[in-house]
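Residues per chain, in single letters:
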Amino acid sequence: MIHKIAPSTFSIVAYDSEAEEWGVGVQSKFLAVGAAVPWARAGAGAVATQSYCNTSYGPDGLDLMAQGLSAQEALDRLVAADEGRARRQAGLVDAQGRPATFTGDECHDWAGGLTGKHYAVQGNILVSGATVEAMAKAFEEAQGELADRLVTALAAG
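These figures come from a predicted structure and were not determined experimentally.

Novice: Looking at this structure, how should I read the packing of aromatic side chains?
Specialist: The tally for this structure, following the rule as stated, stands at two aromatic pairs. Stacked on the ring of Tyr-52, the Lys or Arg Arg-87 has its end atom at 3.6 Å from the ring centre.

Novice: Can you help me understand the environment of Thr-9 in this one?
Specialist: Of note, Thr-9 is situated in strand S1 (residues 9-16). The class of Thr-9 is buried, set by a relative accessible area of 6%. Separated by 18 residues in sequence, Thr-9 and Gln-27 place their C-alpha atoms 5.6 Å apart. Ignoring sequence-local partners within four residues, the contact set of Thr-9 consists of Val-26, Gln-27, Ser-28, Phe-30, Gln-50, Gln-122, Gly-123, Asn-124 and Leu-126. One polar contact links Thr-9 to Ser-28, side chain to side chain, over a distance of 2.8 Å.

Novice: Just to check I follow, could you spell out unusual backbone geometry for this structure?
Specialist: A cis amide bond, omega -25°, links Asp-109 with the succeeding residue Trp-110. Within the fold, Trp-110 resides in the loop between strand S6 (99-103) and strand S7 (112-116). Of note in this structure, Tyr-52 is not a glycine but carries a positive phi near 50°. By the secondary structure assignment, Tyr-52 is in the loop between strand S4 (45-50) and helix H1 (57-66). Here Tyr-52 falls in the partly exposed class, since its relative accessible area comes to 40%. Its identity is not glycine, yet His-118 carries a phi of approximately 70°, on the positive side. Residue placement: His-118 occurs in the loop between S7 and strand S8 (119-124).

Novice: Any chance you could explain the sheet that holds S7 here in plain terms?
Specialist: Strand pairing in a sheet relies on backbone hydrogen bonds. The paired strands run either parallel or antiparallel. Reading across the sheet, the four strands line up as S2-S1-S8-S7 and stay open at both edges, with antiparallel pairing between neighbours. At either margin of the open sheet sits one strand with a lone partner, and together these are strand S2 (21-28) and S7. The mean angle between the axes of side-by-side strands here comes to 10°, regardless of whether they run parallel or antiparallel. Bridging between S1 and S2 involves eight bridges; their strand directions are antiparallel.

Novice: Would you explain helix H4 (residues 146-156) in this entry?
Specialist: Helical geometry: 3.6 residues make up each α-helical turn, so side chains three or four residues apart lie on a common side. Regarding H4, the residues found buried are Leu-146, Arg-149, Leu-150 and Ala-153. Down the axis, H4 shows its buried residues gathered within 105° of arc, on one side only. Away from the buried face of H4 by more than 90 degrees, exposed residues Val-151 and Ala-155 are located. Lining the buried residues of H4 we find S1, S2 and helix H3 (130-141).

Novice: Please explain the nonpolar core as it appears in this structure.
Specialist: By size, the foremost hydrophobic cluster in this structure holds 15 residues, and its most contacted members are Met-65, Leu-75 and Leu-92. Looking at this core, the elements with two or more residues in it are H1, helix H2 (71-80) and strand S5 (89-94). The biggest single contributor to this core is H2, with five residues. The contacts of Met-65, once residues within four sequence positions are left out, are Ala-44, Gly-45, Ala-46, Val-47, Ser-70, Ala-71, Ala-74, Leu-92, Val-93 and Asp-94. Counting 13 residues, the second-largest nonpolar core is a separate cluster that includes Phe-10, Ala-14, Val-132 and Phe-139.

Novice: Looking at this structure, I do not really get the pairing of S1. What am I missing?
Specialist: Consecutive residues of a regular strand have side chains that alternate between opposite faces of the sheet. Buried residues dominate S1, accounting for eight of its eight residues. Residues Thr-9, Ser-11, Val-13 and Tyr-15 of S1 are buried on one face, and the alternating residues Phe-10, Ile-12, Ala-14 and Asp-16, pointing to the opposite face, are buried as well. The turn joining S1 and S2, which pair antiparallel and follow one another in sequence, is formed by four residues; a positive phi near 50° is taken by Glu-20. As paired elements, S1 and S8 share six bridges and run antiparallel to each other. Within the sheet, the bridge partner assigned to Phe-10 lies in S8 and is Gly-123.

Definitions and limits used
- Residues numbered from 1 in each chain as written.
- Predicted model: local features only at pLDDT ≥ 70, side-chain atom pairs only at ≥ 80, totals over all residues.
- Heavy atoms only, no water.
- Phe/Tyr/Trp six-rings, centres within 6.5 Å; stacked < 30°, edge-to-face > 60°.
- Lys NZ or Arg CZ within 6 Å of the ring centre and 35° of its normal.
- Helix = DSSP H or I, 4+ residues; strand = E, 2+ residues; numbered from the N terminus.
- Buried < 20%, exposed > 50% of the residue type's maximum accessible area, 1.4 Å probe, protein only.
- Contact = heavy atoms within 4.5 Å.
- Polar contact = N/O pair within 3.5 Å; in protein donor to acceptor, adjacent residues only side chain to side chain.
- Pairing = 2+ DSSP bridges.
- Axes fitted to C-alpha atoms, helices over the stretch in contact; angles between N-to-C directions.
- Arc of directions from axis to C-beta.
- Core = buried A, V, L, I, M, F, W, Y, C linked by side-chain atoms within 4.5 Å.

Written out as structure tokens, the structure reads:
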């Protein structure tokens, strides 16, 4: 029997306050996802843009956060200026580790995200919210360097 695997995408953006590091982890069936979804800049924050990806969210979001806007303020500006926002999904974490996530109401089911201390997780074309919930729990419980905790969260997804 052949099983069809849905082209899901899920990601996490996070900040490590002790190491002062920002990072993004993303999983997707789509090839070269690393060229579009993850964006990070030391001292500014991290961005994941997915679901009919608008790659301008990456550099524009980082610029806004580098200017001192919070992740939520930067995300609000990005979404407001985007005519395709209903099909977009994004997660941001700023220089202070404040997270924000957005899922447009035309993203493919299941789609959504959540935030916690210093991270945001989001996913689309998922079976349920259990994926992002598992990622959040795994990230919160993981030990070690930020990169290791990001991979742990992806594995849980």
